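What follows is the residue order along each chain.
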Amino acid sequence: MKKLYILSFFFLLTNIVFGQIDYSKNGQYLVNVLEFKNNSDVSRNRNIPIKVHYPLENGVYPLIIISHGAGGDWDTHFALAHHLATHGFIVFCLEHIGSNTKMLKRSIRIFKNLNDMIHDGEEVLGRPKDVSYAINQAIIWNQSNKSLKNKIDTQNIGVLGHSFGAFTSMVIAGMKPSLDWLEPRSNYGKGLGDDMKDKRVKACIALSPQGVGEPFFVKESFSSLSTPLLGISGTEDKQQGGLPPVSRYNAFDYWSSTGNNIFVWLSNAHHLDFTDSEGGETHGIKSKNREEVEKVVRATTLLYFNKHLKNDNTDLTLITNDGLKPYLSGEVNSVEVRNK
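This is a predicted model, so every value here is computed, not measured.

(A) Representation of the nonpolar core. One finds Val52, Ile65 and Phe92 to be the most contacted residues of the largest nonpolar core, which totals 52 residues. The leading source of residues in this core is helix H5 (residues 121-144), at 8 residues. Sequence-distant contacts of phenylalanine 92, defined by excluding residues within four places in its chain, comprise Ile50, Lys51, Val52, Leu63, Ile64, Ile65, Ile66, Ala134, Ala138, Trp141 and Ile152.

(B) How the structure looks around the pattern of salt bridges. In the structure shown here, the tally under the stated rule is 15 salt bridges. Aspartate 41 is the salt-bridge partner of arginine 44, the closest N and O atoms lying 2.9 Å from each other. Residue arginine 44 is classed as partly exposed on the basis of its relative accessible area of 23%. Its salt-bridge partner being arginine 200, residue aspartate 198 comes within 2.9 Å of it at the nearest N-O pair. Residue classification places aspartate 198 among the buried residues on the basis of a relative accessible area of 6%. Bridged by salt links that share partners, the residues Asp41, Arg44, Arg46, Glu123, Arg127 and Asp130 form one connected network.

(C) Focus on the sheet that holds strand S11 (residues 229-236). Pairing in this open sheet of 9 strands is mixed, and the strands run S3-S6-S8-S7-S9-S10-S11-S12-S13 from one edge to the other. Where the open sheet ends on each side, the last strands, each with one partner, are strand S3 (31-36) and strand S13 (335-339). Each neighbouring strand pair of the sheet contributes to a mean axis angle of 20°, computed without reference to strand direction.

(D) View of H5. With 24 residues, H5 should cover 34 Å at 1.5 Å per step; its first-to-last C-alpha distance of 34 Å lies within 8% of that length. At arginine 127, H5 is bent by approximately 35°, the largest bend along its length, and proline proline 128 sits one to four residues beyond. Within H5, 17 of the 24 residues are buried, which leaves the element mostly enclosed by the surrounding structure. Backbone nitrogen of glutamate 122 and a side-chain oxygen of the N-cap are separated by 3.0 Å at the start of H5; the cap is aspartate 120.

Reading the values: the criteria
Residues numbered from 1 in each chain as written. Predicted model: local features only at pLDDT ≥ 70, side-chain atom pairs only at ≥ 80, totals over all residues. Heavy atoms only, no water. Core = buried A, V, L, I, M, F, W, Y, C linked by side-chain atoms within 4.5 Å. Buried < 20%, exposed > 50% of the residue type's maximum accessible area, 1.4 Å probe, protein only. Helix = DSSP H or I, 4+ residues; strand = E, 2+ residues; numbered from the N terminus. Contact = heavy atoms within 4.5 Å. Salt bridge = Lys/Arg side-chain N within 4 Å of Asp/Glu carboxyl O. Pairing = 2+ DSSP bridges. Axes fitted to C-alpha atoms, helices over the stretch in contact; angles between N-to-C directions. Expected span 1.5 Å × (residues − 1). Bend = angle between axes of the 7 residues up to and from the residue. Polar contact = N/O pair within 3.5 Å; in protein donor to acceptor, adjacent residues only side chain to side chain.

Put into structure tokens, the structure is as follows:
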């Protein structure tokens, strides 16, 4: 017990910035990692690898599921997953086998592979099902797995994703995908797809959330949003099909209002700045302002999930223009926070 008191004091002493707790720093919990490489969703004949980051200390912790972008893997957000686990969350990092690194590099035609996977109807509509499957697995492992038994709070679940993973998170939150650009065209038709919202999820986060346009959403897609959603993007965060970054910003106007939706807009934040595989076994592509962007991402995601999964309102007011200023640095030197 004395050791825990010392660790808690050290955490408070070293995690203060401008007179407040620095939420971009790791927390007080020691973390372990488990790998589950073979998890078969028999109904779809699909394997869903899951890497779990969890606190070693006894306790019951909310669950966060992370969905990587096109061409990523279960380590694409390793550093963020570790960060959240040190603050008392259990984090499942999924690997979507139809849009992972292996699929991206299956031939030298990387850009074609990328384009194919984000238009593949089976993958686009299958990713949200991967998330729901992972929640089912969490319930099972909470009852039977030696390391995770009675540690997962399956009543408080969040989902976070980047890019293609942002789409995945947004659909889980209630937005409906457009069928207009899915391949093969003859299988899917046009208009909005079915509702794939998972009602067990209490809050979602979308890093680089999609705007209107190919290949994921039309204006009508956003009106069915019903789960609290946080979006984070930036002025250099280009969208698919050559659409400018501002298309992500403008789409917030179409989000239905839950009273808890937030959009954070950062200066000079690039698309790959929102990924961070540091600490994982794989290494992502370098990106110009990743270190600066990740400080804001770690603080903001932690504050948002604290509110919705731990009912901790203590510092939610920090997700504001003034509240996030201490986390700005370098070229990422301004922020606009919008609420709906």
